[in-house]
Amino acid sequence: MTDRYGTNTSSRLGGRVAVVTGVASGIGRAIALELAAEGARVVGCDIDDAGGEVTMRDIGLYRHADVSREAEVEALVAATMEDLGSLDIYVNNAAVQIEKELVETTEADLDRIIATNVKGVFFGCKHAVRAMTATGGVIVNLASVLSFVADGLLAAYCATKGAVLGITRATAVQYGQYGIRCNAICPGDVDTPLLRAYVDAGDDPEGRLREVASKSPLGRVADPKEIARSVVYLSSDDSSFMSGQTLVVDGGLMALLYR
Ligand SMILES: NC(=O)c1ccc[n+]([C@@H]2O[C@H](COP(=O)([O-])OP(=O)(O)OC[C@H]3O[C@@H](n4cnc5c(N)ncnc54)[C@H](O)[C@@H]3O)[C@@H](O)[C@H]2O)c1
């Protein structure tokens, strides 16, 4: 069955319009690919235009947007509405990480990471909600296991990922009345450039990667596609009564105390 755009609507997200932030690399790239494979019409944004164009070349539209700037997020949503006529799914994925413990983190570090990881998610929710109030829709925010537990070498990052859960709940609580659902995914360690930068910061990157993998009960880090499939679930009607929640996708890491 096809809709008026010729999209296959028998697929799980057939005909729905999705925006994904941070599509140039890692999990964002995998999310864009999986949403498109499920029939969504996807708009991807990033500040890395070369990488973003590569991801979106055969599957949707690419737009430059720095999520830390409200005007750029607002323009991204407005352009999506104009080009594709609606906004059904908005995925706040873009983030940065700073490998520093608390006492070494400067005010400038903190401002930089909050700008992308907190303000970016806040602006994404704000403008997605405005576009979705007439029709309903779904927002998925990428948080982390570090929203709940800590890595002492990622103090500012932990702070921002806790904040993402606050934004998720406030959005779900206030806008459920418009048929808008908002949930967060909390990945464990996923093999992306962000994780590689973290392990590369030590003296023995391969050893550090093996150590990270061995901590997980499954004994490995995730492939980005394994997180993207969770985003498909939260974006689809399969999760139609789920809102304000966190879905932990961590290979069992947070369940572990001893073994
Ligand atoms: N990789 C992991 O182990 C892991 C674990 C838990 C949570 N996460 C979360 O998953 C999400 C994706 O992480 P990843 O590992 O794929 O990271 P990544 O560094 O591989 O990709 C992040 C993307 O976001 C883009 N980006 C950064 N700042 C931006 C901005 N201001 N505006 C627009 N785009 C911007 C980058 O250019 C990049 O393409 C993040 O929210 C991250 O915190 C990752």
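Scroll up to find the structure this text is about.
Cut-offs used in this document
Residues numbered from 1 in each chain as written. Predicted model: local features only at pLDDT ≥ 70, side-chain atom pairs only at ≥ 80, totals over all residues. Heavy atoms only, no water. Helix = DSSP H or I, 4+ residues; strand = E, 2+ residues; numbered from the N terminus. Rg over C-alpha atoms; globule rule 2.2 N^0.38 Å. Buried < 20%, exposed > 50% of the residue type's maximum accessible area, 1.4 Å probe, protein only. Lys, Arg positive; Asp, Glu negative; His and termini not counted. Charge placed at Lys NZ, Arg CZ, Asp CG, Glu CD. Near = heavy atom within 4 Å. Polar contact = N/O pair within 3.5 Å; in protein donor to acceptor, adjacent residues only side chain to side chain. Areas by Shrake-Rupley, 256 points an atom, 1.4 Å probe, with all protein chains shown as cover. Nonpolar A, V, L, I, M, F, W, Y, C, P; charged D, E, K, R; others polar. Disulfide = S-S within 2.5 Å.

Caption draft 1: Representation of the overall build of the chain within the structure. Scanning the chain for helices and strands turns up eight helices and seven strands. At 18 Å, the chain has a C-alpha radius of gyration in line with the 18 Å of a compact globule built from 259 residues. If you line up the chain on its principal axes, its C-alpha atoms span 55 × 35 × 35 Å. When the 259 residues of the chain are sorted by exposure, 51% land in the buried category. Charge centroids of the chain, computed over 24 positive and 34 negative side chains, lie 4 Å from each other.

Caption draft 2: Looking closely at the site of the ligand. Around the ligand there are 27 residues in total, and S25, I27, D46, Y157 and T192 lie nearest to it. Within the backbone of I27, one N or O atom sits 2.7 Å away from an oxygen atom of the ligand. Considered on its own, the ligand offers 830 Å² of accessible surface; in the complex 92% of this is hidden by protein. Elements with a contribution of two residues or more to the shell around the ligand: α1 (26-37), α5 (155-175) and α6 (193-200). Taken together, the residues of the shell around the ligand break down into 15 nonpolar, eight polar and four charged.

Caption draft 3: Local environment of the state of the cysteines. Enumeration according to the criterion identifies zero disulfides in this entry. C125 supplies the cysteine sulfur nearest to C45, a cysteine that is in no disulfide, at a spacing of 14 Å. Unpaired in terms of disulfides, C158 finds its nearest cysteine sulfur in C186, a separation of 12 Å.

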